[in-house]
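Understanding the architecture of this molecule
Each chain is listed here by its residues.
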Amino acid sequence: MNAPVAESARPVGVFVGLATLDVIHRVSAAPTSNQKITSRMQFVAAGGPAANAAVTFAALGGTAVLVTALGDDPVAALVKADLAAFGVQVIDAAEGTDRSVPVSAVTVIESTGDRSVVSADAVTSDAAPPVQLEDSIAGADVVLVDGHHPLIACAAAEHAAARVTTMVVDAGRWKPVMGELIPLATDMVCSADFRVPGAADTDATAAALVGSGVHTVVTTHGGDPVRWWSEEVSGSVDVEPVTVVDTVGAGDAFHGAYAYYSTQGCTVPERIHRSAHVAALRCSVVGPRTWLRALSTNGPEGGNGEY
């Protein structure tokens, strides 16, 4: 195993967006209407796209800062404690206020690893940017926003653009704030379901994003090859096959790894290849946090980008 990376050498990532409390149950089959079933396993952990990406970034050897809005609800304390335990510093824009923290009910089917999620989100949140935001962005090597807490997301994107800092948008689905984030994004990492208004498919969406000035567009397709467009060049990267047992947060793991490898001098295909490896590892291990131990022994280590 390689020697630990000095604190000063760690890349700094600022992640802006949603943090939730995830209550996860593994079941043999999804319950039917009015049915009660017993789960085989259960987990409670912090979740949300930006939060999960920050946990992955920290596990790879980066310094991760999550900017979100939680407040002083007792549930918020659970979320913050879990994130702190996995190396994520939380800047809470709602500190000192009483607000409802989103709680996600997650069901994972044992035989396939497929998950279903019921949750509140923060797409229409009115949380204002915290006073520390500009200074946090000033010290960042990469910024990622997921479109939740839109006032904070836009402010972070503007600060990143002003400093010509890599600004990654996690584009899982279209959100109203995307129209304001796209012109400021350097990288858009999209799900296969993401569409800009009026686009019929992923190719049309990518063309629209590139036409809007986005430097690099990446589209994931689950276990199928990841497609990318950058500097008038495009291509695809194969995803390694794994036995899938748990897909909770797999896309978020990809985004956190992508943010990390954007700080390591990797080409776009290298960035995608390494991020897909991290996401595949996530899918191959049961539970929201156990896979991080596997990442430190089987995946990229200590921030050196090797595996």
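Data block above holds the structure.
A few points about the side chain of Thr68
- If you trace the backbone, Thr68 turns up in strand S4 (residues 63–68).
- Thr68 sits in the buried class, given a relative accessible area of 0%.
- In terms of polar contacts, Thr68 uses its side chain to reach the backbone carbonyl oxygen of Gly17, at 2.7 Å.
- Each residue touching Thr68, except ones within four places of it in the same chain, is listed here: Gly17, Leu18, Ala19, Val90, Ile91, Asp92, Ala93, Ala94, His149 and Ile152.

With respect to the nonpolar core
- In this structure, Phe15, Phe254 and Ile272 are the most contacted members of the largest nonpolar core, which totals 48 residues.
- Elements with a minimum of two residues in this core: helix H1 (49–59), S4, helix H2 (74–85), strand S8 (142–145), strand S12 (224–230), helix H7 (250–261), helix H8 (268–283) and helix H9 (290–298).
- Ignoring any residue separated from it by four or fewer positions in sequence, one finds Phe15 in contact with Ala50, Ala53, Ala54, Phe57, Ala64, Val65, Leu66, Val67, Leu144, Gly256 and Ala259.
- In this structure, Val14, Leu133, Ala140 and Trp229 belong to the second largest nonpolar core, which totals 38 residues.

Overview of H8
- A rise of 1.5 Å per residue sets the reference length of H8, with its 16 residues, at 22 Å; its end C-alpha atoms lie 22 Å apart and thus fit the reference within 8%.
- Counting buried positions along H8 gives 12 out of 16 residues, so the element sits mostly inside the fold.
- Here H8 has its buried residues at Val268, Arg271, Ile272, Ser275, Ala276, His277, Val278, Ala279, Ala280, Leu281, Arg282 and Cys283.

Things to note about the packing of aromatic side chains
- Summed over all chains, the structure comprises 4 aromatic pairs.
- Ring geometry for Trp174 versus Phe194: centroids 5.9 Å apart, planes at 35°, classification tilted. With Trp174 in the loop between strand S9 (166–171) and helix H5 (178–181) and Phe194 in the loop between strand S10 (187–191) and helix H6 (202–211), the pair connects residues that are 20 residues apart, well separated along the chain.
- Here Trp174 falls in the partly exposed class, since its relative accessible area comes to 32%.
- Note on Tyr260 and Tyr261: the rings are 5.2 Å apart at their centroids and 85° apart in plane angle, and the pair reads as edge-to-face.

A look at the pattern of salt bridges
- Tallying each qualifying case throughout the model produces 8 salt bridges.
- Between Arg26 and Asp246 there is a salt bridge; the shortest N-O distance is 3.9 Å. Note that Arg26 is positioned in strand S2 (residues 20–27) and Asp246 in the loop between strand S13 (233–237) and H7, a separation of 220 residues in sequence. Across the pair, exposure class does not vary: Arg26 and Asp246 are buried alike.
- A salt bridge links Arg282 to Asp246; the nearest nitrogen and oxygen atoms lie 3.3 Å apart. One end of the pair, Arg282, is in helix H8; the other, Asp246, is in the loop between S13 and H7, with 36 residues separating them in the sequence.
- Bridged by salt links that share partners, the residues Arg26, Asp246 and Arg282 form one connected network.

Calculation criteria
Residues numbered from 1 in each chain as written. Predicted model: local features only at pLDDT ≥ 70, side-chain atom pairs only at ≥ 80, totals over all residues. Heavy atoms only, no water. Helix = DSSP H or I, 4+ residues; strand = E, 2+ residues; numbered from the N terminus. Buried < 20%, exposed > 50% of the residue type's maximum accessible area, 1.4 Å probe, protein only. Polar contact = N/O pair within 3.5 Å; in protein donor to acceptor, adjacent residues only side chain to side chain. Contact = heavy atoms within 4.5 Å. Core = buried A, V, L, I, M, F, W, Y, C linked by side-chain atoms within 4.5 Å. Expected span 1.5 Å × (residues − 1). Phe/Tyr/Trp six-rings, centres within 6.5 Å; stacked < 30°, edge-to-face > 60°. Salt bridge = Lys/Arg side-chain N within 4 Å of Asp/Glu carboxyl O.

In short, shape yes, function no, at least from these values alone.
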